[in-house]
Amino acid sequence: MQRDTLQITPLGAGQEVGRSCCVLRCRGKTVVCDVGIHPAHQGITSLPFVDELDWSTVDAILVTHFHLDHAGALTYITEKTNFKEGKGKVYMTHSTKILHKFMMQDYLRTSASADALFTSEDVSASLSSIIAVSVHDRVSLCAGVSFVPYHAGHVLGACMFLVDIAGLKILYTGDYSRAEDRHLVSAEVPPVRPNVLIVESTFGVQTLEHGQDKERRLTALVRTIVGRGGHVLLPVFALGTVQELLLILDEYWTDHPELHNVPIYYASSLARKCMAVYQTQIHAMNKTIRSRFARRDSPFVFKCFHVCFWVWCETDHASRHVTSISRARGWERKLAEGPPCVVLATPAFMQVGASRELLELLAPDPRNGIIITGFSVEGTMARDIQTEPEEIASSKGTPIPRKLSVDYIPFSAHVDYSQNAEFIELVDADHVVLVHGEQNTMNRLCTAMKARYKNKGKDINIHTPRNLEQLELSFSQDYVAKAVGALAAQYLQEGDAISGLLFSKNDTRMLLDPQDLHPFTGLSACTLKQRQTIAVATGGDLVRWHLEGMFGTVSERFGRDGRLTLRIMDVVDIRHTSEHEMTLEWESSPSNDMIADSTIALIASVDQSPASLQLTALSTPCAHPHATTPNDWRLQRRRVVWFLEAHFGQVTLDAGADAGQDATPNLTIRFDEAIVYIDADRVAVACVNEILKHRVEAVIGMAISTTCSLTDLFVTGAPVPAS
């Protein structure tokens, strides 16, 4: 089991809607989900907090869909930061990559030159670095990091990403929709339970209209405005909701011939390009659209009403009902002063562009009406006009009276509270992180989800991080290793211990015998032999005396050069290579290195030891009683007896009547009225009083561990009390 920490940092969309950018860090890997701009701001202020991240360390940027608030900053990051200095890649679906190109070209066209963040050349360079992926395909980014895209609904090509970092799974939804509309599939629930769910909270606890009720209200309102001689303005994004609205209006106009003289204009510079994409990306849509296409009935060739591709002058000859308007300046005024019509115009937030100019022209006439069909970001004209002010400010700052009707029918392909709550429960992640929602909206959703779970007797870990707030989540993970080779041939039962080499690569782990290392991994085992020379100022006998005092038995042998070699614990070889120099050699391992380090420390301190000074003052050679052979337990037994006598009083040695001279006597302890018998050969204790028996065993164990040398304890294996 291992504990991993996931760090989540919103560089945008933290308690706000816009400039989505979420940074995931775990185990030295960095993945960024979405890189959008804020639609209510211009220039550098519209970007996420890009300076808070070293972009050269990013392993991947995952873009969920083509909307500017999720992908608009991609060109700036790839071309104006140090992203290219690293090894990171950019990933999005095939449909998103195609539509992202058109969106960025349109963004450059509508942006003021003073606020331009990049050039068209930068856009082209950025597009060349994007890797297109397919839904449900697993993509490996680097060792231990992968992701799988799943359908998210919302717009054509939108996906949510299930990111896997060393076994830790994070589901990032981006914008998603759980309702299948006229052309898109609904968002999927991945078959894998993630550890963390990062989910949008755009509508908070709101409940939205769905299905035919919403469509009937829209068509009825459009008909009412047209019937009173007015113009209908529908501010829309160039892609996404507008295609859904066109399908609804197309069906309604077909069923009502009396409306065929009322033109419907789709005023967007991207109109023709985007409709061509929708006619070719049928595979990314729902079964209804695919079945119509299979019958050679393309749903996006509208034949029952007029559509204005206003940037394009030529007529679409595929339909005899489609007209066009000249690109000459002032076309908006001609349309506003003409007969009643319906206009779908971009952009949706009406900050600039055709929708803003048409609003200013239509606002003073009470016969006209505007219908807001999507979520509006705070600080935009689309949000401000929903308060129905008496006046609105023109793009030049002059006041304009507002008399046209204002209605709100949300066709935005986002989840409402019931859909979002159901999805959160189905995913069942350990932690839920809310993003892409205004502060109050997000807090209300957080409170509602906690109450929902509490009513069901469950707990939910839900978080609402602000921009730049680092949210750290810790997880304990159980890792599974597959036994292979000789280890796999063993018959094991539950609870049996198994040992071997643990090999890990790309989050795959194998347990194998050392002899199987090369066949299964291609690696070869090697032995590292270490050698260290140390200066000594004393004789070899004194050094040996200290070594035997520390380690017990010191074996000796003669090398090929005839020099004496001392061997410590069957691990470290010591040779006197010169009068004042000793060389140590050993095979490196954690335990062997520890023994070698203690040996070096001991030799280095020999000449400063008080015992050395006392011994060297004697005229006789060093004689010492502390070295014993592994099988000589007479002295060791005596030391044990000393410990027992110190705890229990007199200890009787009984060799038995028939015992030989070399027989090991048994020990007897009389403590109060109890008698304890100790078999010295097996170090076994017998006593009717269990408490006293355990106490004697503890004292014997303490005596042996205290008086035995390191060699006896760790190499030969000193006896311990038998239970």
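Going by the structure above, here's the rest.
Caption draft 1: Main features of the overall build of the protein. Each helix and strand counted, the protein has 20 helices and 33 strands in total. Residues classed as buried in the protein amount to 49% of the 723 residues present. Sequence separation of at least 24 residues holds for 67% of the intrachain contacts in the protein that already meet a minimum separation of 6. Taken as a whole, the protein presents about 34,900 Å² of accessible surface, with 50% of it coming from carbon and sulfur.

Caption draft 2: Structural context of the nonpolar core. Residues W253, V342, L344 and M449 are the most contacted members of the largest nonpolar core, which totals 69 residues. For this core, the element with the most residues is helix α6 (residues 241-255), which contributes seven residues. The contact partners of M449, leaving out residues within four places of it in the chain, are Y417, A421, I424, I460 and I462.

Caption draft 3: Up close: the packing of aromatic side chains. Counting across every chain of the model gives six aromatic pairs. An angle of 40° between the planes, with centres 6.0 Å apart, marks the rings of Y107 and F118 as tilted. You can see Y107 sitting in helix α3 (residues 94-110) and its partner F118 sitting in the loop between α3 and α4 (120-128), a full eleven residues away along the chain. Here Y176 and F423 contribute two aromatic rings whose centre-to-centre distance is 4.7 Å and whose plane-to-plane angle is 45°, an arrangement assigned as tilted.

Caption draft 4: Just the packing of helix α15 (residues 540-551) against helix α16 (residues 590-604), in detail. As a packed pair, α15 and α16 sit with axes 10 Å apart at the nearest point and diverge in direction by 135°. With respect to α16, the axis of α15 lies oblique. Crossing geometry of α15 relative to α16 is assigned as right-handed. For the pair α15 and α16, the contacting residues are V543, H546, L547, M550 and F551 in the first and I595, S598, T599, L602 and I603 in the second. Class assignment for the residues of the contact of α15 with α16 results in seven nonpolar, three polar and no charged.

Caption draft 5: Just the side chain of T9, in detail. Mapped onto the elements of the fold, T9 is located in strand β1 (residues 2-12). Classification of T9 as buried rests on a relative accessible area of 5%. Residues in contact with T9, not counting those within four places in the same chain, are C21, C22, V23, R25, L468, E469 and Q470.

Caption draft 6: Expanded view of the sheet that holds strand β15 (residues 369-372). The strand order across the open sheet built from five strands is β13-β14-β12-β15-β18, with neighbouring strands paired in parallel fashion. A strand with exactly one partner marks an edge of an open sheet, and here the two such strands are β13 (264-267) and β18 (405-408). Between one strand axis and the next, the sheet turns by 20° as a mean value, whatever way the strands run. Running at roughly 165° to strand β14 (residues 342-345), α6 makes contact with β12 (232-235), β13 and β14 of the sheet.

What counts as what
Residues numbered from 1 in each chain as written. Predicted model: local features only at pLDDT ≥ 70, side-chain atom pairs only at ≥ 80, totals over all residues. Heavy atoms only, no water. Helix = DSSP H or I, 4+ residues; strand = E, 2+ residues; numbered from the N terminus. Buried < 20%, exposed > 50% of the residue type's maximum accessible area, 1.4 Å probe, protein only. Contact = heavy atoms within 4.5 Å. Areas by Shrake-Rupley, 256 points an atom, 1.4 Å probe, with all protein chains shown as cover. Core = buried A, V, L, I, M, F, W, Y, C linked by side-chain atoms within 4.5 Å. Phe/Tyr/Trp six-rings, centres within 6.5 Å; stacked < 30°, edge-to-face > 60°. Axes fitted to C-alpha atoms, helices over the stretch in contact; angles between N-to-C directions. Parallel < 35°, antiparallel > 145°, perpendicular 65-115°, else oblique. Left-handed = near helix turned anticlockwise from the far one by under 90°. Nonpolar A, V, L, I, M, F, W, Y, C, P; charged D, E, K, R; others polar. Pairing = 2+ DSSP bridges.

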